[in-house]
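Letter by letter, the chains look like this.
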Amino acid sequence: MKPLTVSKRTVLAASTIALLLGAACNRTPAPSEATSPVADASASAEQAVAQETKATSNAFDISTVPVSTATLGGFPYIGLPDGYEALRPETNTFERVPFWTGDRLEWVEGQAYGALVQAKGDHPFSQLELNRNIQALVESLGGQRVFSGRIPAEGKEGIQASDAAVNRVDALGDIYNESAEVYVIHRADRDIWLHVAKNGNQAGVLIAETKPVAITAKALPADELKKSLDAAGKVAIQVQFETDQAAILPTSKPQLEQVISLLNENSALRLSINGHTDNTGSASHNLQLSQHRAAAVRDFIIAAGIDQKRLESSGFGDSQPVAQNTTDDGKARNRRVELVKI
């Protein structure tokens, strides 16, 4: 049998094919084959949605916490372990205090308790011992820990800009240099929040339970609104809003209906709706909040059929208090909406 031979022409052809294949693999894609700007934008949009979805999924949601049915004692519900005692405890029947959830500050309105905790007698202070005891007690009451670690800058800044930074300095502990732990007990009728943070050889403990403020203000009828406007040029109405928001609560509807009746009965009347807040939070935040709340009232009245040309809205934040901001009653009086004749 003759040996298999390969001609020079065959070798040349094979070499040429190899070179062509190599060039095809290494060539720069034509513009039509390159990634288009539209594709890049689409990919970026998909990444943004994915990141937003991830952030949303990581956000704390109280509805995911099981409802506790455990028997509770009296407020503040949490006792201290052996060897520890509360120093300068203070309870307020209605207050607004912050708790860090891991992604935001949760501002809790309701009954609040705060104190410094220190070791008693010869017992050495141990933050770990205190934390473990509080965690075990909270979990026995059907609650859970929602955060453990250093509160980030945005959380600390929000707390520092509030009244709590002064009124609850003991209870907050040294949140600027130490870790904090936050717990919640989710009840069918309320939520109980607890914050504990080290402060040197002591610890701060803050406890609050959500409690709606008792609405005692009565809706002023249209004729009384007119009398006050004729006599003083303005009248205050207590419109209720969601906490730290401009959403009007349903309890405000009867009062706003009287304002609408007033405007319907006095077709020449023009009003400026002025929003005011107490001094909780920063001045810039309060100014913006008061503006949004005044605008919300104006929009509510316009939606009822009143000509928008008859209405203006302005916000003044906490710059025009009518009472001292040192008491809950004073703060409630300062959180108001005024109708001013123009």
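As shown above, the structure is provided for reference.
Residues numbered from 1 in each chain as written. Predicted model: local features only at pLDDT ≥ 70, side-chain atom pairs only at ≥ 80, totals over all residues. Heavy atoms only, no water.

(A) Quick peek at the overall build of the protein. Across its full length, the protein carries ten helices and ten strands. Here the protein holds 342 residues, and the buried ones make up 37% of them. Excluding contacts between residues fewer than 6 apart, the proportion of contacts in the protein whose partners are at least 24 apart in sequence is 72%. Of the roughly 19,200 Å² of accessible surface on the protein, a fraction of 53% belongs to carbon and sulfur atoms. (Helix = DSSP H or I, 4+ residues; strand = E, 2+ residues; numbered from the N terminus. Buried < 20%, exposed > 50% of the residue type's maximum accessible area, 1.4 Å probe, protein only. Contact = heavy atoms within 4.5 Å. Areas by Shrake-Rupley, 256 points an atom, 1.4 Å probe, with all protein chains shown as cover.)

(B) Just helix 7 (residues 222-232), in detail. Buried within helix 7 are the following residues: Ala-222, Leu-225 and Leu-229. Across the axial projection of helix 7, the buried residues extend over an arc of 60°, all falling on one side. Structural note: helix 7 exposes Lys-227, Ala-231 and Ala-232 on the side pointing more than 90 degrees away from its buried face. Phi turns positive, to about 80°, at Gly-233, one or two residues after helix 7. (Arc of directions from axis to C-beta.)

(C) Fine view of the packing of helix 7 against helix 8 (residues 253-265). Closest axis-to-axis distance for the helix 7/helix 8 pair is 8 Å, and the angle between their directions is 70°. Judged by the inter-axis angle, helix 7 sits roughly perpendicular to helix 8. Classified by chirality, the crossing of helix 8 by helix 7 is right-handed. When helix 7 is examined against helix 8, the residues Ala-222, Leu-225, Lys-226 and Leu-229 are found in contact with a partner set consisting of Gln-255, Gln-258, Val-259, Ser-261, Leu-262 and Glu-265. Its residues assigned to classes, the contact of helix 7 with helix 8 comprises five nonpolar, three polar and two charged. (Axes fitted to C-alpha atoms, helices over the stretch in contact; angles between N-to-C directions. Parallel < 35°, antiparallel > 145°, perpendicular 65-115°, else oblique. Left-handed = near helix turned anticlockwise from the far one by under 90°. Nonpolar A, V, L, I, M, F, W, Y, C, P; charged D, E, K, R; others polar.)

(D) Just the sheet that holds strand 2 (residues 105-119), in detail. An order of 1-2-6-5-4-3 is seen for the six strands of this open sheet, with the pairing classed as antiparallel. Pairing within the sheet leaves two strands with one partner each, and these edge strands are strand 1 (84-100) and strand 3 (144-149). Each neighbouring strand pair of the sheet contributes to a mean axis angle of 15°, computed without reference to strand direction. The sheet contact formed by strand 5 (residues 191-199) and strand 6 (residues 202-210) spans eight bridges and is antiparallel. In the sheet register, Val-196 faces strand 6, and the bridge partner there is Val-205. Helix 3 (residues 127-140) contacts strand 1, strand 2, strand 3, strand 4 (180-186), strand 5 and strand 6 of the sheet and is inclined by roughly 170° relative to strand 5. In this fold helix 4 (residues 153-160) packs onto strand 1 and strand 2, with an angle of close to 90° to the strand it touches most, strand 2. (Pairing = 2+ DSSP bridges.)

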